[in-house]
Amino acid sequence: MGEAQRRGRLIAIVAGLCLSLGGAVLFAQDPPDEGFVGNAQARTFHKTTCKLAEKITAKNKVELGSLDEAMLQKFKPCTVCKPNQVAAPVAKPDEEKPDGDMPKPKAKTIKKGAAKGAAKKTEPAPAAGDDEKTEGDMPKSKTKKGAAKGALKKADASADGAPGEMDAEKADGAMPTKAKGKRATGKAVMKKGDTAKKADVAKKAEPEPVDDKALKFSRDIAPILAGNCTGCHNAQQKRGQFDMTSFQKLMTGSSKQKVITPGNPDESLLVLKVRGEQPAGGKMPPGQRNLAPETIAKLEEWIKSGARLDAGFEPTATLDSIAPTPEARRRRELAAMTPEQRDKKVEEVGLERWKKASSKTTPVVTSGKNFLLFSNLPKERAERLLKTMEVQRTTLGSVLGQSGTALTGLEKISLFVFNDLPSYVEFVRSVENREVDATTEAHGRLDVEQPYVAVADPLNGGEESAAAAAAASGGTPKKTAKSKKAKDSAEETHDGPDRTLPGIVSEHLAASAAMAGGKPPKWLTTGLGAFLSSKVDPKGSNYYRKLREDTVAQFNLGWETKASELLGGEGSPETVRAIGFSLCEWLATSFGPQRFAMFVQGMLQGGEKLDDVVRGCFGPDATRAVFLDQWGGFIGTRYAGRRR
């Protein structure tokens, strides 16, 4: 055998080893992806290892078993991971031999042209590329599979004496593929352009139209329930022993029965309640608010179709996370801020509100633990006001309990104190776009972004007397020689203004917090506010003496009838406030803070719950008649008796 023939055979054998070993190394280091991940919203698909695939939400995630499946569903390939250019894996090499033996190449893995061309080659010197192979260099693990085949093709071309341009082009751009059920060989090389054609088809394909008519729990049902039901049916209140804060709890129902019968809306308690066809316990939502007919129709259609949860959502996920309300989204945004960022935002909004009401003045901003005061008060008064309001907030929070969420938000509550009534009136007009009568001096809004209480200072920005300052700070004025009987008298007089600034702010903070905590009757919100402020204002204040006198006047007109009418919402605002004040004072004085708080929290569910709340507070045998009788006894003894 001549020297040229020996060199040719050696080249062929080394090239075969390179091809076989290169395939084995590549297969071990970079296995092909199994399946793909599609984004139903963007209509794109990715490798499972693509970083963009990790960002696809469960709602939009689509599992795709193959490239063909992705193309058939008209998904566009990701431009980052280029999943349409992934080749099917080459056949597995022979099982690894013990002691590190390398697998022997099989004859059919070497192109016939390579061996034949090498045998015919007569030139004394091989190509430069072949010299590298004969030195024993093996392809590195990061070398592409096409590179090994390109080297083999180059050897073929050199052996045959033909240019290797076309083969080199294939080595750079083509990836090996595998026919289904057959071992990949050199003949199974994908033609250049096949992948590009499929990519072009995918790019030109239009997304399939989404069926917007089909009801979805996340889009059509969860917002209805979150906006109308979870306020009363949650883990804290659980009205009717029923929690609706997740799909799982919704389908579980109450401790007594299921509320949804999939496939049958006419037998579903939820539908019967919103229709008003289930008398026990009343309709839902309670009170004067009703769901629109089209809203009820959505609930009926969803239940009729099987009451299913959308694919990709966990049954235990809260409705707020599936269909977050604006308030839920806002809470998440606030939670992501630092306390300093939240305070800065409240201050910015507060200054904008102040400017609308009083463009010629600039307030001093005084920060407390839970309040931000905007005023032009003397420094000592501003500090005393904040100190008192922190105490009042704690007291009010213990009364409202878990319903007092308006007091415990992440944002500080703004307190706007204007030195004159016209500035306060202009504040209401410009910020809330409404008018107030001349007798209104303050109000609160804790159900809005950046909640606040606005008030006109009774001292017009001046200094307080020593007695008023002591009362506002929770201190005790200088004792007098008056008897205990005189102190208890509603006729007791005092020096100084009839009301203090902390008293007025306390009244409207309590009223607005109770209003934001549920659906309380007017007599509860205004009465609770007046009762809380009485703990700050002077005991002999004419304001509270007038409230007691108005209550006695109603008592003398026939107590049981007048009390029932006033509790039902009849009467002037002043009389309704007086009745509510006397009820709060009676309960707190006669039964203690715990029973008082239980009553208030029960009534936050609505005025129609009075009989249930009375039984819950005073026992199953307690009736409204007994309740009114004992309340009337307190009025006759403590209020009317004081007047004699």
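My aim in this report is to walk through the structure given alongside it, one point at a time. (Residues numbered from 1 in each chain as written. Predicted model: local features only at pLDDT ≥ 70, side-chain atom pairs only at ≥ 80, totals over all residues. Heavy atoms only, no water.)

1. Regarding the overall build of the protein chain
Next up, step 1: Regarding its fold elements, the protein chain presents 26 helices and nine strands.
Next up, step 2: Within the span of the protein chain, comprising 644 residues, buried residues form 43% of the whole.
Next up, step 3: A separation threshold of at least 6 residues defines the contact pool for the protein chain, and within that pool the share at least 24 residues apart is 67%.
Next up, step 4: Per element, the accessible surface of the protein chain, about 35300 Å² overall, is 52% carbon and sulfur. (Helix = DSSP H or I, 4+ residues; strand = E, 2+ residues; numbered from the N terminus. Buried < 20%, exposed > 50% of the residue type's maximum accessible area, 1.4 Å probe, protein only. Contact = heavy atoms within 4.5 Å. Areas by Shrake-Rupley, 256 points an atom, 1.4 Å probe, with all protein chains shown as cover.)

2. Notes on the packing of helix 9 (residues 217–228) against helix 12 (residues 293–304)
Next up, step 1: Axis separation between helix 9 and helix 12 bottoms out at 10 Å; the angle between their running directions is 125°. On the basis of the axis angle, helix 9 is oblique to helix 12. For the element pair helix 9 and helix 12, the recorded crossing hand is left-handed. Facing F217, D220, I221, I224 and L225 of helix 9, the residues of helix 12 in contact are T295, K298, L299 and W302. (Axes fitted to C-alpha atoms, helices over the stretch in contact; angles between N-to-C directions. Parallel < 35°, antiparallel > 145°, perpendicular 65-115°, else oblique. Left-handed = near helix turned anticlockwise from the far one by under 90°.)

3. Comments concerning unusual backbone geometry
Next up, step 1: With phi around 55°, N433 is a residue other than glycine that occupies positive phi space.
Next up, step 2: Mapping N433 onto the fold places it in the loop between helix 17 (421–432) and strand 8 (442–445).
Next up, step 3: The phi dihedral of N460 falls on the positive side, at around 55°, and the residue is not glycine.
Next up, step 4: Along the chain, N460 falls in the loop between strand 9 (452–456) and helix 18 (466–472).
Next up, step 5: Here N460 falls in the exposed class, since its relative accessible area comes to 53%.

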